[in-house]
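# Architecture at a glance
Listed below, chain by chain, are the residues.
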Amino acid sequence: MSHSIVFSESGSPDVLRLAPAQVGQPAAGEVRLRHTAIGVNFIDIYQRSGLYPLPLPSGLGSEAAGVVEAVGEGVDWLRSGDRVAYAGGPLGAYSSQRLISAQHLVKLPDEIGDETAACAMLQGMTVEYLVQRTYPVQPGQTVLWHAAAGGVGQIALQWLTAMGAKVIATVGSAAKAEIARALGAAHVINYGEEDVVARVRDITGGKGVPVVYDSVGKDTFQISLSCLAPRGMMVSFGNASGPVPALSPLELTKHGSLFLTRPKLGDYTASREELEASTQALFARLADGRIRVTPSHRYPLAEAAQAHRDLEARRTTGSVILLP
Ligand code: NDP
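The structure contained in this document is the topic of the report that follows. Since the structure is predicted, the reported quantities are computational estimates derived from the model, not experimental observations.

Moving on: the nonpolar core. As a rule of thumb, nonpolar side chains are buried together in soluble globular proteins. With 53 residues, the main nonpolar core has Val137, Trp145 and Tyr213 as its most contacted residues. For this core, the element with the highest residue contribution is helix α2 (residues 114-134), accounting for 11 residues. When sequence neighbours within four positions are dropped, the list of residues in contact with valine 137 reads Val131, Val143, Leu160, Met163, Ala165, Val211 and Tyr213. Core analysis: the next-biggest nonpolar cluster, separate from the first, contains 29 residues, Phe7, Val68, Tyr86 and Leu311 among them.

Attention shifts here to the pairing of strand β1 (residues 2-7). For a regular strand, the rule is simple: side chains alternate between the two faces of the sheet. With 5 of 6 residues buried, β1 is to be regarded as a mostly interior element. Bridging between β1 and strand β2 (residues 17-21) involves 5 bridges; their strand directions are antiparallel. Pairing of valine 6 across the sheet is with arginine 17, part of β2. Sheet topology note: the β1/strand β4 (residues 58-59) ladder contains 2 bridges and is antiparallel. Bridging from a neighbouring strand, phenylalanine 7 pairs with serine 58 of β4.

For the rest of this paragraph, the subject is helix α10 (residues 304-312). Residues of α10 that are buried include every one of Ala304, Ala305, Ala307, His308, Asp310 and Leu311, and no others. Buried positions along α10 lie against β1, β3 (30-40), α1 (42-49), β15 (295-300) and β16 (319-323).

For the rest of this paragraph, the subject is the sheet that holds strand β11 (residues 187-190). Spatial strand order, β11-β10-β9-β12-β13-β14: 6 strands in an open sheet with parallel pairing. At either margin of the open sheet sits one strand with a lone partner, and together these are β11 and β14 (259-261). Across the sheet, the mean angle separating the axes of adjacent strands is 15° when strand polarity is ignored. Across 4 bridges, the pairing between strand β9 (residues 142-145) and strand β10 (residues 166-171) is parallel.

Basis of the calculations
- Residues numbered from 1 in each chain as written.
- Predicted model: local features only at pLDDT ≥ 70, side-chain atom pairs only at ≥ 80, totals over all residues.
- Heavy atoms only, no water.
- Core = buried A, V, L, I, M, F, W, Y, C linked by side-chain atoms within 4.5 Å.
- Buried < 20%, exposed > 50% of the residue type's maximum accessible area, 1.4 Å probe, protein only.
- Helix = DSSP H or I, 4+ residues; strand = E, 2+ residues; numbered from the N terminus.
- Contact = heavy atoms within 4.5 Å.
- Pairing = 2+ DSSP bridges.
- Axes fitted to C-alpha atoms, helices over the stretch in contact; angles between N-to-C directions.

This is the structure:
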């Protein structure tokens, strides 16, 4: 019997429950997958809590790796037994089996394991588009990355360091500072204890950084603006501490003609070409060891609620997966 996590009202992790599911035959263009590893991402929390409202009842989860069990009409590039992964498409990755349109899938190379794929697809493609396409970071540049010991953060540290950039990493604890240092951070700031703006000004000789990648949101937004050099770019890509309040464009002049963008992965992987280019860039770095990703935390699918509690309470580092 197949199972999936569902919820019928938004709220705390307690709303998540495991339910039996009937997964039928794939329709034209679809594939039936048996999941082997499922990615847990902060967006799952926004969707469960109601910050990003969903029609309910709903499944949850945007990312998984698995094995093709059956293909629908017209899917000629996949066959039963193929190893695949995805990050995007309709929710429902928190399940042991599912139907999904083949357009969301990529084949996994032999050298990339299922758990690595479930950790890295969504978070790694996010890093790819943020550092290569939202603000193309150049070798030698010093950039600021918040929550650098988290899932996206750990991949970003490795990616940026491998391309010759210097990362000022912020973290919420001494243990997380050690992780950031080990992954190549040039400077680490514990933003619970230190004055981030003063440290960044000091590190950059008063100039500020050309780009800040901020997924913490409410608590760091103003700090991030103050860390930028004139004409720098504020990349606000998440709300882990809560959504950023409305601001007037005039605020961007206070720090020197800043740019502000609020990007999301789906807009950078909307076409098949972009999806494939992003995954190829990620897979190349995973295959040659420039980026290493293994799950820091594994939970049975039935314990998805506990995974959410730990991620929300800042108890996790790196990537979190569920095992069906
Ligand atoms: P993380 O593993 O990074 O977990 C979030 C981290 O944020 C925590 O570990 C914590 O690190 C930090 N944090 C700071 N303040 C809070 C708070 N009040 N509550 C909870 N956490 C806090 O999660 P992910 O790697 O899954 O995602 C990282 C961010 O990137 C999220 O905001 C997510 O929404 C965003 N994202 C955006 C995408 C996009 O395309 N726009 C795509 C993918 C992810 P510490 O203790 O060190 O402060």
